[in-house]
Amino acid sequence: MLSSDSISRAQQILDQIPGRATGAYSHSQGIKGLRDTIAAGITARDGFPCNSDDIYLTNGASPAVHMMMELLLSSEKDGILCPIPQYPLYSASITLHGGTLVPYYLNEASCWGLEMSELKRQTEEARSKGIRVKALVVINPGNPTGQVLSEENQKDIVEFCIEEGLVLIADEVYQEDVYVDNKKFNSFKKISRSMGFGEEDIALVSLQSISKGYYGECGKRGGYMEVTGFSASVKEQIYKIASVNLCSNISGQILSSLVMSPPKVGDASFDSYRAERDGILSSLARRAKMLEEAFNSLEGFSCNKVEGAMYLFPRINLPRRAIQAAQAENAVPDVFYARRLLEAAGIVVVPGSGFGQAPGTWHIRCTILPQENKIPMVISKLTEFHKAFMTEFRE
């Protein structure tokens, strides 16, 4: 049986869709009523108003990234500051649109901290080479590194973007996935507004997706970007870019509105919704802790605490003989390790070299998404493989 509030919500959504049907094109920014719902959800989350005209519904967050890169980049002299390690969408999109990635390295020694001195150094170095640094990408919580920014760090980032005249692209798709008690997610919109900065002070693009969180509907392809602080003429160009794709899929638009407006206290489905949400998030936290402890127990591995998102990014100090064996196969050492792990144990990890890493270091990205009851088996197989690997290549 469907709850009474789910039935009324479905009827409300149908009323918001012109013609009450999902098979037609929508406005290029997305259905107005659904954008209104999302704007109300952002307002409730941040405590500051959101205008639905600033919302662009997209097929996941990735098209939004491409739209912004198309807007910002005109030649290889245009640069975008991106974290290293970073989600490869950004490096690929920057390359695709003919720009230059300006890397800033997260500090692994301080739990993948974002240091302002590194941002300033990389910006100055890029400008000395004639690169026009246009924007700063921040992924919070972090992918692949799993850190959650502190409020003070976020304030420093906002001030840096204002001082340097940079667009702030805030990838906030893991905003529901925070596993530590001493930190919480704050959107950059909330931070900037709480500091007294308005649209006239900072250009901000905030990304959200239905692919992450506790919902994980990645195959449905839904998401949005909230675009604030741009002039009317620039927003006109953003709308033109959005119009090229006609509109995002309607099912994804609907799901995006549901993600930003879940059941509330007093709704018939609230108790079951809260139980499922909290169950998923607490399970993810337990899985993260189990895998973190497992990696730190293995010879040569070191793994920072997973504060949020869905991944661990442990560092591995590979034996010299293993590095030599990788070179003999013309393989990057962490690719060599990941391939051997897959072949021997059937465990898939992503080599750190795919995300970027400090020179001379090697990492792997491991997801926390396997079912909780399968994590002990994964750890057992990983441990068995790693011990054999280290024995094989020990000096």
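Everything below is about the structure shown above.
Keep in mind the model is a prediction, meaning the values are calculated, not measured.

Peer 1: Got a minute to help me understand the sheet that holds strand S7 (residues 223-228) in this structure?
Peer 2: Pairing is mixed across the open sheet formed by seven strands, whose spatial order is S1-S7-S6-S5-S4-S2-S3. A strand with exactly one partner marks an edge of an open sheet, and here the two such strands are strand S1 (55-58) and strand S3 (100-105). Shown here is a sheet whose adjacent strand axes are inclined to one another by a mean of 20°, direction ignored. Bridge count for strand S6 (residues 204-209) against S7 is six bridges, and the pairing is antiparallel. Considered in S7, the bridge of Leu207 is made with Met225.

Peer 1: Could you clarify how one ought to interpret the pattern of salt bridges in this entry?
Peer 2: Note on pairing: side chains with opposite charge can pair once their charged atoms come close. Inspection of the entire model under this criterion finds 25 salt bridges. A salt bridge links Arg132 to Asp78; the nearest nitrogen and oxygen atoms lie 2.8 Å apart. Of the two residues, Arg132 sits in strand S4 (residues 132-139) while Asp78 sits in strand S2 (residues 78-84), which places them 54 residues apart along the sequence. A residue is classified by how much of its surface remains accessible, and Arg132, at 41% relative accessible area, is partly exposed. Asp78 sits in the buried class, given a relative accessible area of 0%. Where Glu226 meets Lys189, a salt bridge forms, and the shortest distance between an N and an O atom there is 2.6 Å.

Peer 1: Just to check I follow, could you spell out the sheet that holds strand S12 (residues 364-367) for this structure?
Peer 2: Paired through their backbone hydrogen bonds, the strands of a sheet run either parallel or antiparallel. On the basis of which strands lie adjacent, the open sheet formed by three strands has the order S9-S12-S11 and antiparallel pairing. Looking at the sheet topology across the chains shown, the edges are occupied by strand S9 (311-312) and strand S11 (350-351). Here two bridges tie S11 to S12, and the two strands are oriented antiparallel to one another. The residue of S12 that forms the bridge with Val350 is Arg365.

Peer 1: Hey, could you run me through the packing of aromatic side chains in this one?
Peer 2: Within a pair of aromatic rings, the relevant descriptors are the distance that separates the centres and the angle that separates the planes. Inspection of every chain in the model, using the stated rule, returns 14 aromatic pairs. Look at Phe270 and Tyr273: their rings are 6.2 Å apart centre to centre, the planes differ by 50°, and that puts the pair in the tilted class. Linking Phe270 with Tyr273, this pair stays in helix H10 (residues 270-297), spanning three residues, or about one helical turn. Grouping residues by exposure puts Phe270 and Tyr273 together as buried. Residues Phe385 and Phe389 carry aromatic rings whose centres are separated by 5.7 Å and whose planes lie at 40° to one another, so their mutual orientation is tilted. You can see Phe385 and its partner Phe389 sitting in helix H13 (residues 375-393), four residues apart, about one turn around the helix.

Peer 1: Would you explain the side chain of Gln147 in this entry?
Peer 2: Considering the arrangement of structural elements, one finds Gln147 in the loop between S4 and helix H6 (151-164). Sequence-distant contacts of Gln147, that is, excluding residues within four places in its chain, are made with Leu106, Cys111, Trp112, Ile139, Asn140, Pro141, Gly142 and Glu307.

Peer 1: What exactly am I supposed to notice about the environment of Tyr311 here?
Peer 2: Its location among the elements puts Tyr311 in strand S9. Overall, the relative accessible area of 8% leaves Tyr311 in the buried class. Among residues more than four places away in sequence, those in contact with Tyr311 are Asn143, Pro144, Gly146, Tyr174, Lys212, Val306, Arg365, Cys366 and Thr367. At 2.8 Å, the side chain of Tyr311 forms a polar contact with the side chain of Tyr174.

Peer 1: What exactly am I supposed to notice about helix H9 (residues 250-259) here?
Peer 2: Every α-helix carries 3.6 residues per turn, so stepping three or four residues along brings you back to the same face. Taking burial as the measure, the 10 residues of H9 include seven buried ones, the bulk of the element. Ile250, Gly252, Gln253, Ile254, Ser256, Ser257 and Val259 are the residues of H9 that are buried. Elements that come into contact with the buried residues of H9 comprise helix H1 (4-16), helix H2 (32-46), S1, S6 and S7.

Peer 1: Hey, could you run me through unusual backbone geometry in this one?
Peer 2: Residues other than glycine predominantly adopt negative phi, and peptide bonds predominantly adopt the trans conformation. Cis geometry is found at the peptide bond from Asn140 to Pro141, where omega equals -10°. With respect to the element layout, Pro141 can be found in the loop between S4 and H6. Between Asn143 and the following residue, Pro144, the backbone shows a cis peptide bond with an omega angle of 15°. Looking at the element boundaries, Pro144 is found in the loop between S4 and H6. One non-glycine residue, Trp112, lies in positive phi territory at about 60°. Relative to the helices and strands, Trp112 is located in the loop between S3 and helix H5 (116-128). Taking the relative accessible area as the measure of exposure, Trp112 reaches 4% and is therefore buried. Of note, the phi angle at Leu246 is positive, near 65°, even though the residue is not glycine.

Peer 1: Just checking my understanding: could you explain the state of the cysteines for this structure?
Peer 2: What is meant by a disulfide is a covalent connection between two cysteines, made through their sulfur atoms. Taken as a whole and judged by the stated rule, the model has zero disulfides. The thiol sulfur of Cys82 is not disulfide-bonded, and the nearest other cysteine sulfur, from Cys161, lies at 12 Å. Take Cys82: its relative accessible area is 0%, and that puts it in the buried class. There is no disulfide at Cys303, and the cysteine sulfur nearest it, in Cys366, is 8.6 Å away.

Conventions we followed
Residues numbered from 1 in each chain as written. Predicted model: local features only at pLDDT ≥ 70, side-chain atom pairs only at ≥ 80, totals over all residues. Heavy atoms only, no water. Pairing = 2+ DSSP bridges. Helix = DSSP H or I, 4+ residues; strand = E, 2+ residues; numbered from the N terminus. Axes fitted to C-alpha atoms, helices over the stretch in contact; angles between N-to-C directions. Salt bridge = Lys/Arg side-chain N within 4 Å of Asp/Glu carboxyl O. Buried < 20%, exposed > 50% of the residue type's maximum accessible area, 1.4 Å probe, protein only. Phe/Tyr/Trp six-rings, centres within 6.5 Å; stacked < 30°, edge-to-face > 60°. Contact = heavy atoms within 4.5 Å. Polar contact = N/O pair within 3.5 Å; in protein donor to acceptor, adjacent residues only side chain to side chain. Disulfide = S-S within 2.5 Å.

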